[in-house]
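Secondary and tertiary structure notes
The residues making up each chain are set out below.
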Amino acid sequence: MLAKHWKKIGLLILIIACVFNIMGKLVNKMSLDKEMLTSARYVKEEKNK
């Protein structure tokens, strides 16, 4: 069975890997944006003191 459907199985694995890659990048980007905002607020507060 695997020999008959190896192209479809490979394509499915490739699509799943791409989806996980994109989701991982989106999650890390959101975290980076939050970190940058937090850092900017801290620096601004320190300048005001």
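Here the structure is shown first, and the text comes after it.
Residues numbered from 1 in each chain as written. Predicted model: local features only at pLDDT ≥ 70, side-chain atom pairs only at ≥ 80, totals over all residues. Heavy atoms only, no water.

1. As for the overall build of the protein
- Along its length, the protein carries 1 helix and 0 strands.
- Its C-alpha atoms give the protein principal-axis dimensions of about 70 × 10 × 5 Å.
- As displayed, the protein offers around 5100 Å² of accessible surface, 70% of which is attributable to carbon and sulfur atoms.
- Side chains of the protein give 10 positive and 4 negative charges; the mean places of these two sets differ by 19 Å. (Helix = DSSP H or I, 4+ residues; strand = E, 2+ residues; numbered from the N terminus. Areas by Shrake-Rupley, 256 points an atom, 1.4 Å probe, with all protein chains shown as cover. Lys, Arg positive; Asp, Glu negative; His and termini not counted. Charge placed at Lys NZ, Arg CZ, Asp CG, Glu CD.)

2. Topic: the environment of Ala17
- Assignment of secondary structure puts Ala17 in helix H1 (residues 6-48).
- With relative accessibility at 42%, the residue Ala17 sits in the partly exposed group.
- For the pair Ala17 and Tyr42, spaced 25 residues apart in sequence, the C-alpha to C-alpha distance is 38 Å. (Buried < 20%, exposed > 50% of the residue type's maximum accessible area, 1.4 Å probe, protein only.)

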